[in-house]
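Survey of secondary and tertiary structure
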Amino acid sequence: GAVVSQHPSWVICKSGTSVKIECRSLDFQATTMFWYRQFPKQSLMLMATSNEGSKATYEQGVEKDKFLINHASLTLSTLTVTSAHPEDSSFYICSARESGAFTYEQYFGPGTRLTVT
Amino acid sequence: KQEVTQIPAALSVPEGENLVLNCSFTDSAIYNLQWFRQDPGKGLTSLLLIQSSQREQTSGRLNASLDKSSGRSTLYIAASQPGDSATYLCAVRGTSGTYKYIFGTGTRLKVLA
């Protein structure tokens, strides 16, 4: 089955630093990947849609200069949280849609827990 | 704007009970609806996906139904087990040409041994 991995699974960083989270589709190519954020005991909120070779599309209220998304290949998208602050502490989950697939199912990664101290 | 709501927010039941989780959405123009399970601190596990043209899907002890016209879906869990304890999320994908999902608020289920 289609597998999506994320790295790291958890990370602790100091306030003001930047941290990069990777999302990889391991056994399929993904033209489109999605980044979600989940605060404790809340549901997932879509942050942005990442398209290979083009700029990401951000949801309303998400700062594109703070959450940099790069989708440079068909198997890798990265989310960089710049100048992180404690309020950025959250669980970040990516999903990927297989390129050219007739099914519209998305495959979700295991998530990355970010803690900013 | 699509909004997805799940009721109840939390549920605690004794082992062996059959239970129903509810999901409602405000815009009936959906492409599909998916039910997920999320264990504490973990990612998502897809349980069932229902296309807009389908009425229900079944997998083992799980059965999900979809009534698109009324904006409702239910997840039925038969003979619940302690291992079913988790948060259950429903998510809908619209027909706007994008593939993004809008997630519900989730139901936290605890099955007592």
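Rules used in this analysis
- Residues numbered from 1 in each chain as written.
- Chains lettered and ligands numbered in written order.
- Predicted model: local features only at pLDDT ≥ 70, side-chain atom pairs only at ≥ 80, totals over all residues.
- Heavy atoms only, no water.
- Contact = heavy atoms within 4.5 Å.
- Buried area = accessible area lost by both parts, 1.4 Å probe.
- Salt bridge = Lys/Arg side-chain N within 4 Å of Asp/Glu carboxyl O.
- Disulfide = S-S within 2.5 Å.
- Helix = DSSP H or I, 4+ residues; strand = E, 2+ residues; numbered from the N terminus.
- Buried < 20%, exposed > 50% of the residue type's maximum accessible area, 1.4 Å probe, protein only.

**What to know about the interface of chain A and chain B**
- With 17 residues of chain A in contact, the opposing surface of chain B contributes 19 residues.
- Carbon and sulfur atoms supply 58% of the area that chain A and chain B bury against each other, a total of about 1,500 Å² over both sides.
- Viewed at the interface, chain B and chain A are joined by one salt bridge.
- Ionic pairing is found between E59 of chain A and K100 of chain B, a salt bridge with its closest N-O pair at 3.0 Å.

**Quick word on the state of the cysteines**
- Under the counting rule described, the total for this entry stands at two disulfides over all chains.
- What pairs with C23 of chain A in a disulfide is C94 of chain A, and their sulfur atoms sit 1.9 Å apart. Where C23 of chain A bonds to C94 of chain A through sulfur, the torsion about that S-S bond is close to 80°, and the disulfide is right-handed. Here C23 of chain A, found in strand β3 (residues 19-25), pairs with C94 of chain A, found in strand β9 (residues 90-98); they are 71 residues apart in sequence, far enough to count as distant.
- Disulfide pairing places C23 of chain B opposite C90 of chain B at an S-S distance of 2.0 Å. Every disulfide takes its handedness from the sign of the S-S torsion; for C23 of chain B and C90 of chain B that torsion is 70°, giving right-handed. With C23 of chain B in strand β3 (residues 19-25) and C90 of chain B in strand β9 (residues 86-94), this residue pair connects regions lying 67 residues apart in the sequence.
- C23 of chain B sits in the buried class, given a relative accessible area of 1%.

The quantities given are spatial measurements derived from coordinates; they are silent on function.
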